[in-house]
Amino acid sequence: MSSTFLGVPRRGHDHPESPLRGTESFPKAAHHELANAQLRRNLAHATSSIRAKRALVVGEMPDWEALRDSGSAIKADVMARLPELLERLEANVTARGGVVHWAADAEEANRIVTELVRATGATEVVKVKSMATQEIGLNEYLEERGIAAVETDLAELIVQLAHDKPSHILVPAIHRNRTEVRDIFLAEMADAPADLTDEPRRLAMAAREHLRRKFLTARVAVSGANFGIADTGTLCVVESEGNGRMCLTLPQTLITVMGIEKLLPTFSDLEVFLQLLPRSSTGERMNPYTSLWTGVTPGDGPQEFHLILLDNGRTNALADQVGRAALHCIRCSACLNVCPVYERTGGHAYGSVYPGPIGAVLTPQLTGMDGHGDPNSSLPYASSLCGACYDVCPVKIDIPSLLVELRGRAVDNDRDRNIPGGWDAAMKAAAWVMSDEKRFAAAEKGLALGRVLGGRKHRIRHLPPPLSAWTGTRDLPAPPAQTFRSWWRDTHPAAGTANATQAQR
Ligand code: SF4
């Protein structure tokens, strides 16, 4: 292992076009997405059915909470021993005929993949759905260098053909309906039948025929990994369509890009995660296709295997209490499916390949949070803090607490740079008014205007800036007809105003 690998200082904002960073704040991006009624309908339908399936299969597990505890404990152990376990994984992969590469950032990982593909003479690779390769922008990097990367997961294929971006970790084309998919196939898939309808079976058959041709001619495959087992050097990919199995077995060369946090210490640890993951992600008792491979087996499967271990901000996150917890994530997407914010905005509003509650924690951790004006600083606020994400997380990541911690850091960032925050200014103004009896009495008189603005419904819908920051997203109740101090004077005539102020405190 490179001696400088772990702990490489890295700030994501050095890479402004990283697929991990949005270009506009969450509220602005969400505003555009909320205007898309089709998106909201698709999201509501898809997330509610996945939620119901998950609840059913989780409910039938008497030891579910014990499994969650085990998953959490295994991940905590991995984080505590990450350097040692990574070296063990490297030794075992190498001993079984694989080659291990270390990539400190996206650029290095992309360069390694490109060189490996070029060495085979191939100009096209087939891909298994992989968050890590999306995170580093591998497809775009390869394309710029004359290598076509073909996504073989059906939803990823739809997104790729539409020149679109995934909007869900598990269901990347959740924002598309079947008529849109038919139109995309007809426009972008040269071998799509001219009489293709939007019947799901016909769409799947068209994609299958298209992909079969790719699988049978591909010489190189690129995958991610759900788990890497340190003790044996075994890699594991779980998927639902069998496309992954094709990629992992047919081509001559297999290149796997794995985030360094995906480690498990021993093979038996898989038992816990292969129960937690399918139930939490697709609501299935067992995963349909679970592929495991260890190095190279002569005469069987790819004869060349490269494993690229990707840091890309993870060692920085590991050194941080908040980031370390976020690295426990197994990308099941259960937290997205229960999040009321995600259900309305969809994934694109988060501006990162990692959307939803975990994305709001992970993205600022991996790429930094520069405070005022940085889109990442708005992500921790993309939550109602209802706690549903924590309840469903199979590895018990306390996302609401992490979001609150990150909100505090976003405020501190601004304070450290002497950027006046709206909250600070409002508190100072309130302190100035409330610390003086006359000023407070004058402010109370101003409340009469609020009652006028509230109208018959007693709700204020629009206020001028900076107060519009509040009414832009929610109504303000109109002030009551009688203030507390006035009520106190009426009901306690002997006590006086000073005591009213006391009681108010
Ligand atoms: S944070 Fe938990 S619930 Fe969300 S994707 Fe990760 S493992 Fe799943």
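Residues numbered from 1 in each chain as written. Predicted model: local features only at pLDDT ≥ 70, side-chain atom pairs only at ≥ 80, totals over all residues. Heavy atoms only, no water.

1. Description of the sheet that holds strand β2 (residues 124-127)
Thinking step 1. Taken in spatial order, the six strands make up an open sheet running β1-β10-β7-β4-β2-β3, and their pairing is parallel. Taken across any chain shown, the strands that pair with only one partner, and hence form the sheet edges, are β1 (99-103) and β3 (148-151). Taking the axes of each pair of neighbouring strands and ignoring which way they run, one obtains an average angle of 25° across the sheet.
Thinking step 2. Direction of pairing for β2 relative to strand β4 (residues 220-223): parallel, over a ladder of two bridges. Bridged to V126 within β4 is A221.
Thinking step 3. The sheet contacts of helix α5 (residues 106-120) involve β1, β2, β4, β7 (253-259) and β10 (304-310), and relative to β1 the element is tilted by about 145°. (Pairing = 2+ DSSP bridges. Helix = DSSP H or I, 4+ residues; strand = E, 2+ residues; numbered from the N terminus. Axes fitted to C-alpha atoms, helices over the stretch in contact; angles between N-to-C directions. Contact = heavy atoms within 4.5 Å.)

2. With respect to the sheet that holds strand β9 (residues 289-294)
Thinking step 1. If you trace the four strands from one edge of the open sheet to the other, you get β8-β5-β6-β9, paired in mixed fashion. Looking along the sheet, the strands with just one partner apiece sit at the ends: β8 (263-264) and β9.
Thinking step 2. The sheet contact formed by strand β6 (residues 234-239) and β9 spans six bridges and is antiparallel. By the bridge assignment for β9, E239 is matched with Y289.
Thinking step 3. Taken strand by strand, helix α12 (residues 269-281) contacts β5 (227-229), β6, β8 and β9, and its axis lies near 170° from that of β5.

3. Focus: the pattern of salt bridges
Thinking step 1. Here the structure, examined in full by the defined rule, presents 28 salt bridges.
Thinking step 2. E261 is the salt-bridge partner of R331, the closest N and O atoms lying 2.9 Å from each other. Taken together, the positions of R331 in the loop between α14 (321-326) and α15 (334-338) and E261 in the loop between β7 and β8 put the pair 70 residues apart, joining distant regions of the chain.
Thinking step 3. Relative accessible area serves as the criterion here: at 9%, R331 is assigned to the buried category.
Thinking step 4. Taking relative accessible area as the criterion, E261 reaches 1% and is therefore assigned buried.
Thinking step 5. Here R485 ties to E444 by a salt bridge, and the two come within 3.4 Å at their closest N and O atoms. Residue R485 is located in helix α24 (residues 484-491), and its partner E444 is located in helix α22 (residues 437-454); the two are separated by 41 residues in the primary sequence. Both residues of the pair, R485 and E444, count as buried.
Thinking step 6. A single network of salt bridges, built from pairs that share partners, joins D77, R81, E84, R88 and D231. (Salt bridge = Lys/Arg side-chain N within 4 Å of Asp/Glu carboxyl O. Buried < 20%, exposed > 50% of the residue type's maximum accessible area, 1.4 Å probe, protein only.)

4. Remarks on the packing of aromatic side chains
Thinking step 1. One pass over the structure, following the stated rule, counts seven aromatic pairs.
Thinking step 2. Geometrically, the ring pair formed by F227 and F273 is tilted, given 5.6 Å between the ring centres and 50° between the ring planes. Taken together, the residues F227 in strand β5 and F273 in helix α12 connect sequence positions 46 residues apart.
Thinking step 3. For F273, a relative accessible area of 0% gives the class buried.
Thinking step 4. Ring centres of W293 and F305 lie 5.9 Å apart, and the angle between their planes is 85°; this geometry places the pair in the edge-to-face category. Taken as a pair, W293 in strand β9 and F305 in strand β10 lie far apart in primary sequence, 12 residues in all. (Phe/Tyr/Trp six-rings, centres within 6.5 Å; stacked < 30°, edge-to-face > 60°.)

5. Considerations on the site of the ligand
Thinking step 1. In the vicinity of the ligand, the residues found are C329, I330, R331, C332, S333, C335, I358, C393, P394, V395, I397 and I399.
Thinking step 2. Looking at the shell around the ligand residue by residue, the class counts come to 10 nonpolar, one polar and one charged. (Near = heavy atom within 4 Å. Nonpolar A, V, L, I, M, F, W, Y, C, P; charged D, E, K, R; others polar.)

6. Thoughts on the side chain of T133
Thinking step 1. If you trace the backbone, T133 turns up in helix α6 (residues 131-135).
Thinking step 2. In terms of polar contacts, T133 uses its side chain to reach the side chain of S130, at 2.9 Å.
Thinking step 3. The residues touching T133, leaving out its near neighbours within four places in the chain, are K127, L138, V222 and V257. (Polar contact = N/O pair within 3.5 Å; in protein donor to acceptor, adjacent residues only side chain to side chain.)

7. Some thoughts on helix α4 (residues 82-95)
Thinking step 1. Over its 14 residues, α4 runs 20 Å from end to end, which matches the ideal 20 Å to within 8%, given 1.5 Å per residue.
Thinking step 2. G97 lies just past α4 and shows a positive phi near 95°. (Expected span 1.5 Å × (residues − 1).)

8. Comments concerning the domain arrangement of the protein chain
Thinking step 1. Split by domain assignment, the protein chain resolves into domain 1 (19-44 + 320-416), domain 2 (61-315) and domain 3 (438-504).
Thinking step 2. Each of domain 1 and domain 3 has a C-alpha centre, and these two points are 35 Å apart. (Domains from an automatic or database assignment.)

9. Concerning the state of the cysteines
Thinking step 1. According to the stated counting rule, one finds zero disulfides in the structure shown.
Thinking step 2. Considering cysteine sulfurs only, C386 is the nearest to C389, which forms no disulfide, with 6.2 Å between them.
Thinking step 3. When its relative accessible area of 8% is taken as the criterion, C389 is described as buried. (Disulfide = S-S within 2.5 Å.)

10. Structural notes on the packing of helix α9 (residues 178-188) against helix α10 (residues 200-217)
Thinking step 1. For the pair α9 and α10, interaxial distance at closest approach is 11 Å and the crossing angle is 30°. Relative to α10, α9 is oriented roughly parallel. Taken as a pair, α9 and α10 cross one another with a handedness that is left-handed. Across the interface between the two elements, R178, V181, R182 and F185 of α9 pack against P200, L203, A206 and A207 of α10.
Thinking step 2. Per-class residue counts for the contact of α9 with α10 are six nonpolar, no polar and two charged. (Parallel < 35°, antiparallel > 145°, perpendicular 65-115°, else oblique. Left-handed = near helix turned anticlockwise from the far one by under 90°.)

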